[in-house]
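Here are the chains, one letter per residue:
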Amino acid sequence: MSVVLRTQMAGAGKRPARLLLTGLAVLVASFVVYATVLAQQITERTILNGLSGTPESAALVLRDGDLNSADLAAIGKLPGVAEAAGRIESGVRTPAGTLILLADPGSGPLSRVTVREGRYPAATGEIAVTPRTVERMGFAPGATLTVDSAENEPVTLTVVGVVDTRDDYGYLAYVSVPTVRAVSDGWDSLQQIDVRLDAGADPAAVRQRIEPLVAGEGAPEIVTGTEARLAEAQNASGQVDELFIIVRVFVAVAVIAAGLIATSTFRIVFAQRMRQLALLRAVGAGRGALARALAAEGALTGLIAGITGVLAALAAGHLVPPAAGLFGVDLARPGSPFGPALFTVALAVLITVVAVLAPALSAARVAPLEALRSAVTTGARTGVGRLRTAAGLLLALVAAAIVAVVWVNLPERDAQDYQAEPMLLAVVGSGGLAFVALIALGPLLVRPVLAVTGWPLRRLGPIGRLAVGGVGGSIRRAAAVSVVVALGVTLITGTLVGADSVRVLADRETIASAPTDFEVSGPGGSTLPAGVIEKARDRGELTRVTPYRRVDGVTVGEAEVRVTDLSTTALPRLSQLDVAAGDVTGLAPGRIVVSGYLGPAVGDRVTVGRGGRTLPVTVVAVLGDSTPLGTEIVLDPADLTALGVPAAPTGLLADAAATGEDGRTAGLRALREVIAAQPDLGVQVLADQRDQVEDALGALLAVALTLIGLTVLIAVVGVGATSALSVVERARESGLLRAVGMPRGGLLAMLTTESALYGVIGAVLGLVLGVPYAWLAVLALGIDAPLTMPGGQLAGVFLALTALTALAGVLPARRAAKVSPVTALATD
């Protein structure tokens, strides 16, 4: 080992805190990378452990063929077969909605359910429901319901028990195979047969006995239970793999952020040690030897950070399942994958080596005369070179050119055969180039941003002016840290703006199909019996009870469409419909609201017809893709009657009078009581559709923000590390300020404000970059989503980033404030 390398390693060993700060961002990145591997293991094992597919005791499975009850009985009698269970499902319409019937033996190793209350069905017509089905559909034990079979023959079902199953969707009932046949008018077919063998029976021999029984055209596939479960597991884990592909993309962004932070911290550390490096050059150390020694120090930093991050992630991964168990969540334990651990450590070393190269080469060029200067003077390098400026401007121009190409090729509303993928890739590519340009031009861009954002601080007094001056005095450092913060803010801004636009679009589409909490309708567009509307309006649990008619067979020009006369002003949610042109409140006799795809524009005269009657009307509004209740046209009730449609409504819409789940349950019960004497009528809980959309969008947004939070976390860590190193570098400055009378609280406030300014600058740059690119991406999707600006959420992001970066600087600031002026002034 060379003398220079030994000197550098000895120096690193004497200052472990500096080594830790330099590699802190890489440590966090290593933790994230290995924790992602463990999270995928936990997710996959938890899903596989909870699969409610083929039971473990099923040795053979027959599927994907023509199977019936005779096959089930014959297989059950074969030597070596202990039990055979047939699987089939069917749906029946009830007043409370569609009920899914699933065949299951109800007990024994092949059963997928456990009886909670009552008993399992034994006779034809008996059913056992899940707990959520009792809650949502009102089918408690002892209840009877009459449903129509496939041929509209009445079939009576009796609830005899409540069963627990892994997946309870709120509309499931478990039955025997004969009950499914009864509602299917005797249609004898099975989707699958699970076969359990006697102890010691040979699966291959039993399979050979089964094959002749089911041979011929439509013969099913016969697989082992292990093969069936493996296929189910691969399907489930495949979905997990797809999710974690997206996760890895965000982890890669976090790793890049860690590399940027590491580069910045190495520059600070090497600048602080410039006199030492110059002395080494003065006593004969060559530039190459010095650069290699500094690179080796970076590799050592990466090795220690990688190992520490992996060990921390391993500990956290094995603590999560028992911690989740305390809250009733059953999670599988991960393993301790050695290969990914080695990869993570190697990645950490690679990140630090790449990050240290530029600072090391720059530091190795130090002149021996630098040894005569102070460390502070030596480290105060500012400005951007011409080559870097030219490269940044070129990248910015290329990014702008790509934006221009995308803008010119944006689709029109309801464009046909539009391919969004190339456009989105172009937007992402342009955004990536723009961010690299931001890295190159950061010092030039940070100055004007600091001038604007620092103006209020300068007005607050000396502490504010000193804080702004401290950040402006090391503009390259401020740019390096703020750019990483800007990356996180850009991603968060893009996600929030894009998600808000998609949410508004989803709300409009959901409002069109589900404008109220409930809908009552009969089969085949039949009219509601007299008195149903009045009874519903008399119930205090309901509000905004609105009847409507919905009919098919109406023509507009050459097109045959579905029409409704639903009032566009009676329901508040309809005011949020996606209106492409005109005003839906202008609906009146002789006026019409049409779907955009039909073609007419506002002001056009069109003729609608039905059954030989025609009526000229004027278009007052054109909607987007979604029109109320799945129709294409909204007519005034008088016009619909003029076309010969009976005046009796075909359905009604209503809202729950009270909010929350209790109010919805009360409203549902009230409607069921209103239509109790009308078995043909059914109630749909439209609010559930809205909830499903909102829950799905909320879950996706939460996942995306969590993943983006990795980058923000590393950015905040970078701010903390930079602040800590800056405190060391500026110890004499801090001592001088204390010596001339600045109190400890003032020094603490000044240094904390400097840290907060990193967040402010990064947030401003991120917002300026993120919002336009988010809007461009929304337009490039071609889904006609509106461009929105979630101002409250973006303001929250701005304040949160400012607060987090300020907190990251509190600890270093407190350490600096505790040092006595005499000690600080003695520091070189």
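Here the structure is shown first, and the text comes after it.
Parameters at a glance
Residues numbered from 1 in each chain as written. Predicted model: local features only at pLDDT ≥ 70, side-chain atom pairs only at ≥ 80, totals over all residues. Heavy atoms only, no water. Helix = DSSP H or I, 4+ residues; strand = E, 2+ residues; numbered from the N terminus. Buried < 20%, exposed > 50% of the residue type's maximum accessible area, 1.4 Å probe, protein only. Contact = heavy atoms within 4.5 Å. Axes fitted to C-alpha atoms, helices over the stretch in contact; angles between N-to-C directions. Parallel < 35°, antiparallel > 145°, perpendicular 65-115°, else oblique. Left-handed = near helix turned anticlockwise from the far one by under 90°. Nonpolar A, V, L, I, M, F, W, Y, C, P; charged D, E, K, R; others polar. Expected span 1.5 Å × (residues − 1). Bend = angle between axes of the 7 residues up to and from the residue. Patch = residues over 30% accessible without salt bridge, like charges linked within 9 Å, V, L, I, M, F, W, Y side chains within 5 Å. Areas by Shrake-Rupley, 256 points an atom, 1.4 Å probe, with all protein chains shown as cover. Salt bridge = Lys/Arg side-chain N within 4 Å of Asp/Glu carboxyl O.

Caption draft 1: Quick look at the environment of valine 593. Position of valine 593 among the secondary structure elements: in strand S17 (residues 591-595). What makes valine 593 buried here is its relative accessible area of 1%. Setting aside anything within four residues of it in sequence, one finds valine 593 in contact with Val584, Leu587, Val620, Ala621, Leu623, Glu632, Ile633 and Val634.

Caption draft 2: Examining the packing of helix H22 (residues 744-781) against helix H24 (residues 810-818) more closely. Direction vectors running N to C along H22 and H24 enclose 150 degrees, while the axes themselves pass 8 Å from each other. Looking at the two axes, H22 sits roughly antiparallel to H24. With respect to the hand of their crossing, H22 and H24 are arranged in right-handed fashion. Contacts from Arg744, Leu747, Leu748, Leu751 and Thr752 of H22 reach H24 at Val810, Ala813, Arg814, Ala816, Ala817 and Lys818. Counted by class, the contact of H22 with H24 contains seven nonpolar, one polar and three charged residues.

Caption draft 3: Up close: the packing of H22 against helix H23 (residues 791-808). At their nearest, the axes of H22 and H23 sit 7 Å apart, and the two run at 150 degrees to each other. It follows from the interaxial angle that H22 and H23 lie roughly antiparallel. As for how H22 packs across H23, the hand of that crossing is right-handed. Contacts from Thr752, Ser755, Ala756, Gly759, Val760, Ala763, Val764, Leu767 and Val771 in H22 reach Leu794, Phe798, Leu801, Thr802, Thr805 and Ala806 in H23. Split by residue class, the contact of H22 with H23 holds 10 nonpolar, five polar and no charged.

Caption draft 4: Local environment of helix H13 (residues 420-453). In this model H13 runs just 38 Å from its N-terminal to its C-terminal C-alpha over 34 residues, more than 12% under the 50 Å that 1.5 Å per residue would give. Along its length, H13 reaches its greatest deviation from straightness, about 75 degrees, at leucine 441, and the proline proline 443 lies no more than four positions downstream.

Caption draft 5: Structural view of the environment of threonine 614. If you trace the backbone, threonine 614 turns up in strand S19 (residues 613-623). Along the backbone, threonine 614 and aspartate 639 are 25 residues apart, and their C-alpha atoms lie at a distance of 10.0 Å.

Caption draft 6: Structural detail: a nonpolar patch on the surface. A cluster of nonpolar side chains, Leu303, Ile304, Ile307 and Leu311, forms an exposed patch at the surface whose accessible area comes to about 330 Å². Take leucine 303: it is sitting in helix H9 (residues 287-325).

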